[in-house]
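A structural walkthrough
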Amino acid sequence: MRGRPEPASDAAPGRVCGTCSLCCTVLRVDPLRKLGGVDCVHQRGGEAGCAIHGRAERPALCGAYRCAWLKGQLDLADRPDRLGATVDLVAPGGAPVLAIVEARRGAFDASPRLQAIAARFRASMPVRITAAADALDRGLPSRILRPDGSELRVRGDRVEEWRDGALVRATRAGAIERAARRVALAWQRLRVRGYRGAG
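This write-up is about the structure you can find in this document.

What counts, and where the lines are drawn
- Residues numbered from 1 in each chain as written.
- Predicted model: local features only at pLDDT ≥ 70, side-chain atom pairs only at ≥ 80, totals over all residues.
- Heavy atoms only, no water.
- Salt bridge = Lys/Arg side-chain N within 4 Å of Asp/Glu carboxyl O.
- Buried < 20%, exposed > 50% of the residue type's maximum accessible area, 1.4 Å probe, protein only.
- Helix = DSSP H or I, 4+ residues; strand = E, 2+ residues; numbered from the N terminus.
- Phe/Tyr/Trp six-rings, centres within 6.5 Å; stacked < 30°, edge-to-face > 60°.
- Lys NZ or Arg CZ within 6 Å of the ring centre and 35° of its normal.
- Pairing = 2+ DSSP bridges.
- Axes fitted to C-alpha atoms, helices over the stretch in contact; angles between N-to-C directions.
- Contact = heavy atoms within 4.5 Å.
- Core = buried A, V, L, I, M, F, W, Y, C linked by side-chain atoms within 4.5 Å.

1. Re the pattern of salt bridges
Pairs can form between side chains of opposite charge whenever their charged atoms are close. Inspection of every chain in the model, using the stated rule, returns twelve salt bridges. Residues R28 and D30 are paired through a salt bridge, measuring 2.8 Å at the closest nitrogen-oxygen approach. Judged by its relative accessible area of 29%, D30 falls in the partly exposed class. The shortest N-O distance in the salt bridge between R113 and D78 comes to 2.8 Å. Note that R113 is positioned in helix α5 (residues 112-122) and D78 in the loop between α2 (60-64) and α3 (80-83), a separation of 35 residues in sequence. Among the residues examined, D78 registers a relative accessible area of 3% and is labelled buried.

2. Describing the packing of aromatic side chains
Tallying each qualifying case throughout the model produces zero aromatic pairs. The residue whose ring lies beneath R153 is W162, and the NZ or CZ to ring-centre distance is 4.0 Å.

3. A closer look at the sheet that holds strand β6 (residues 158-163)
Backbone hydrogen bonds are what pair the strands of a sheet, in a parallel or an antiparallel way. Strand order in the open sheet formed by seven strands is β1-β2-β3-β4-β5-β6-β7, and the pairing between neighbours is mixed. Only two strands of the sheet have a single neighbouring strand rather than two, namely β1 (85-90) and β7 (166-172). Strand-to-strand twist in this sheet, taken as the mean axis angle between neighbours without regard to direction, amounts to 20 degrees. The pairing of strand β2 (residues 97-102) with strand β3 (residues 127-131) spans five bridges and is parallel. Bridging across to β3, E102 finds its partner in A131. Most of the contacts of α5 go to β2, to which it runs at about 165 degrees, and overall it touches β1, β2, β3, β4 (142-145) and β5 (150-155).

4. Re the nonpolar core
Counting residues in hydrophobic clusters, the biggest one holds 27 residues, and the most contacted among them are L74, V87, L98, I100 and V127. Sorting the residues of this core by element identifies α1 (23-26), β1, β2, α5 and β3 as the ones contributing at least two each. Setting aside its immediate chain neighbours within four residues, V127 contacts L98, I100, A118, F121, R122, R143, I144 and L145. Within the second largest apolar cluster, six residues are counted, among which are C20, L22, V101 and A103.

5. Observations concerning the pairing of β4
In the sheet, β3 pairs with β4 via three bridges, with the strands oriented antiparallel. The residue of β4 that forms the bridge with R128 is I144. Bridging between β4 and β5 involves four bridges; their strand directions are antiparallel. Pairing of L145 across the sheet is with E151, part of β5. Counted between consecutive antiparallel strands, the loop separating β4 from β5 contains four residues, among which G149 sits at a positive phi close to 95 degrees.

Shown next, in the form of structure tokens:
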């Protein structure tokens, strides 16, 4: 995505990817058999950008993706490669969520700026924090910062609710939900077998 000669039509004025290609690492790209959290084989580094940019074999997802920074929804200094995470406004089920996907696990906790962005958006919507490489590991945690000040930490079948740094409640998914999650994860692993990063 970097090396784009001119801004995308839906990019904010003055915003171009430049040397940032974090989405080329974070996103899962099925046509390239690439998992999230794995560098794309077509990344060339620096201003050179994507080796298949502008060519027919470039997946549609790559050309269509626009992070919140590129859309002008974050400050100019908050380009993803500087934050260590992509930030997107998504609407699963119709309700808006700020999705922060760490390029490397722990980026959110190490970045005061990512935490400030989360705090700003959290006033009006949940903020979901995940690591790109964790999609196939049900034991690794994700976090949801909720507008009411609480935080959900999901690790495998366990869901913890935290408030003001203290554990309020811990629950475990029911047997049917646990079985459904195991089946879904097994199906996902089967589906991406042979992808870069799945080994």
